[in-house]
Amino acid sequence: MMADHKSEAHAAIQHRDSESQQEDGLSEKKGTAGDQKDMYRMGKQQELRRNFRFVSIFGYSMVLMATWETILTTLIIPLTNGGTGGAIVMFLVTAVCMGFVVVSMAEMASMAPTSGGQYHWVSEFAPKKHQKFLSYMVGWLCVLGWQTGIASIAFLAGGQIQGLVILNNGSYVPERWHGTLLVIAVATFAILFNTLLARKLPLIEGIVLVLHIFGFFAVFITMWVLGPRSPSKEVFGGFQDNAGWGSVGLSVLVGQLAPIFALLGADAATHMSEELKDASHTLPRAMIWTAAVNSSLGFLMLVTFCFCLGDVESAINSPTGQPHIQIMYNATRSISGATALASITTIMAVFGCVNNVATCSRQLFAFARDQGVPYSAFLSHVRPGWDIPLNSVIVSFIIAIGLSLINIGSTVAFNSVASLGTCALLSSYIISISCMFVKRWNDEPLLPCKFSLGRAGIWVNGVSVVYLCVALVFAFFPTFPHPTPDLMNWNILIYGVTIIFSLIYYLVKGRKVYVGPVEYVHKDL
C-alpha cells in the first residue's frame, strides 16, 4: 500500500513537472506580453522560439560584425589607399557616421521588431503610394545581400586558413578549387550549427563572445609587447597615395571600404527579433552597445597594428596573402606564436559565417512569408518541433555552394558577386532611413516605441542618409585607378543586373502577389 502511494505521488510530481515544462516552452515561444502585442499589430504569427536574451543577442551581433578581426583581415585596403594616417582618420569618421545609422535603425527596430527588418519598415513608413514598390525592392536587396554574405565570409575564412597553411608549410601552393572546397567546408559547419544545434545557438553566442573579447586582448597585448614601434608622427601623419590615384584625399576616401565592411551589419540582430524576448526593448539597446563596443575595439586594434607594422612592403606582399598574419609573424618571430594569434581571427570568421546563415535565412523566411520571392510557401514554412525556418536555411546553404563554384572559374567574378552584399545593404539602409526622415520632415505621427530619438531624430536620420550615399558611391570604386579586368570592381555591374532582375520579376509576378507587410498590420492598436 505504501509503495502504491509513493508511486502515485511520483507520477503526480512528474505530471506537474511535465505541465510546467510545457508552460515554460509556451512562454518561451510567445515571449512577453509586449512581444505578443507587437506580433499582433504587425499581423504576424509567432512561429519561432524566443530563446535569445540581451547577452546572447549582444554576443550574436558582436560576433557577426567582428570589427577588430575584420580590420585586420582587410588591412591591405587602407595600407594601399591612404596609409596609416588615412586608415585611422577614415575609421573614426566611419565609426561616428555608422553610429548615426545604427541608432536610426535601432529606433525603427523598436517600433517594428520583425525578422523582415528594412523591407517591413519601408512598407510601414514610406509614403503610401510608394510603399509597395519600395518595400519590394528593399526586400530583394536585403535577401540577396545577406545570401551572398555567406559565401563572402566563408571565402574570407578559407583565405585565412590557406594563409596559415602557407605560414606553416612554405611549399604549399593554393589553387582556386582549394578555396572553393574551404568555402563549402565553412558553410557546412555553419549549417550544422543552424540546424542540429539551433536551440543551443544563444549559449554558443555567449561562449564565442568571450573568445571575441579575450582574443582581442591576446593580440593587442602581444603586439604592443613584442612588435616593432613606429614613431607617432609617422603613424598619425602617414597619409599616402600608394595606389596612384594622384590625390591623397581621394585615396583616403577609397580606403574607407575597409572600415565600412568592418562596421556593416547593424541590421543583423533585427532579423533575429522574432527569436528575442522583449524585442522592442532589448533589440535597440543590443544594437547600440554592439556598435559602441565593436567600434572601440576596432579602433584600438587598428592603431596598434599601425604602430607595429614594421616592414610595410613585407606585409603587403606576404606569401600568405594575409598582411595581418605576416605582421604577427614579424612581431613574434615565431611560426607557432603567429599561428595561435591568427587562428583567433580565423575562428571568429567561421562563427561569423554561422551567424550570417541565421540572419540571411530569417530574412529570406520573412520576405517569403510576405510573398516576395518565388516558392514563398516552401521558403516560409516552419517545421513543427524545429522552430526554425529549416527550408530557408537549407536553400541558403545551396546558394552558398553554387556561388563558391564560381571561384573555380574566376576569383574576380566570385569576389564581384560575393561583395554585392555591401552595396545591397547600404542601399537598404538608405531607403529605410530616408522613409523615417520624410515622415519626420512632414511632421507625420510615428509609432510608439521603447527607444526614441525624439526631436534629434530628423538630424540623426539626415546625417545617416547623407553619409550612406557617399559610402555607397565609394563602395563601387576599384582598389586601384585604371584597373585591369582582374582588378576591376565589378560591383556596379552585378548590382545593376540584380536590380533589373528584381524589377522584371516584380512586373511579371511580384506586383500580383506582393502587397507589402503594411497591408497585414492591425490598425486597432
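A quick note: this is a predicted structure, and the numbers were derived from the prediction, not measured.

A. Representation of the confidence of the model for the protein chain. Across the protein chain, the average pLDDT comes to 85, with 94% of residues at or above 70. Under a pLDDT of 50 for its full length, residues 5-26 has, in the predicted model, one contact with residues more than four places off or in other chains.

B. The state of the cysteines, seen in detail. Scanning the entire structure with this criterion turns up zero disulfides. Between cysteine 306, a cysteine without a disulfide, and cysteine 308, which holds the nearest cysteine sulfur, the sulfur-to-sulfur distance is 9.5 Å. Given the relative accessible area of 1%, cysteine 308 is considered buried.

C. Summary view of the packing of aromatic side chains. Applying the stated rule across the entire model yields 25 aromatic pairs. Ring geometry for phenylalanine 193 and phenylalanine 351: centres 5.5 Å apart, planes at 80°, overall edge-to-face. Residue phenylalanine 193 is found in helix H9 (residues 176-195), and its partner phenylalanine 351 is found in helix H17 (residues 335-369); the two are separated by 158 residues along the sequence. When its relative accessible area of 13% is taken as the criterion, phenylalanine 193 is described as buried. For phenylalanine 351, a relative accessible area of 15% puts it in the buried group. The structure contains a cluster of three or more aromatic residues connected by ring pairs, namely Tyr119, Phe133, Tyr136, Trp140, Phe367, Phe501, Tyr505, Tyr506 and Tyr514.

D. View of the environment of serine 280. Structurally, the position occupied by serine 280 is in helix H14 (residues 279-307). Residue serine 280 is classed as buried on the basis of its relative accessible area of 4%. C-alpha separation for the pair serine 280 and alanine 112, spaced 168 residues apart in sequence, amounts to 7.4 Å. Residue contacts for serine 280: discarding those within four places in its chain leaves Asp38, Ser110, Pro113 and Lys450.

E. Here's a closer look at the pattern of salt bridges. Within this structure, the stated rule accounts for ten salt bridges. In this structure, a network of salt bridges that share partners links the residues Arg49, Arg199 and Asp387.

F. Helix H22 (residues 457-475), seen in detail. Taking 1.5 Å per residue as the helical rise, H22 with its 19 residues ought to reach 27 Å, and the 26 Å between its terminal C-alpha atoms agrees with that figure. Gly457, Val460, Asn461, Gly462, Ser464, Val465, Tyr467, Leu468, Ala471, Leu472, Phe474 and Ala475 are the residues of H22 that are buried. Those residues of H22 hidden inside the fold are in contact with helix H6 (83-111), helix H12 (248-254), helix H13 (257-263), helix H21 (420-441) and helix H23 (491-513).

G. Spotlight on the side chain of histidine 212. In this fold, histidine 212 is placed in helix H10 (residues 201-226). A relative accessible area of 0% places histidine 212 in the buried class. Among all residues touching histidine 212, those that are not within four sequence positions of it are Met62, Ala66, Trp68, Glu69, Asn294, Leu297 and Met348.

So, how was this worked out
Residues numbered from 1 in each chain as written. Predicted model: local features only at pLDDT ≥ 70, side-chain atom pairs only at ≥ 80, totals over all residues. Heavy atoms only, no water. pLDDT = per-residue confidence, 0-100. Contact = heavy atoms within 4.5 Å. Disulfide = S-S within 2.5 Å. Buried < 20%, exposed > 50% of the residue type's maximum accessible area, 1.4 Å probe, protein only. Phe/Tyr/Trp six-rings, centres within 6.5 Å; stacked < 30°, edge-to-face > 60°. Helix = DSSP H or I, 4+ residues; strand = E, 2+ residues; numbered from the N terminus. Salt bridge = Lys/Arg side-chain N within 4 Å of Asp/Glu carboxyl O. Expected span 1.5 Å × (residues − 1).

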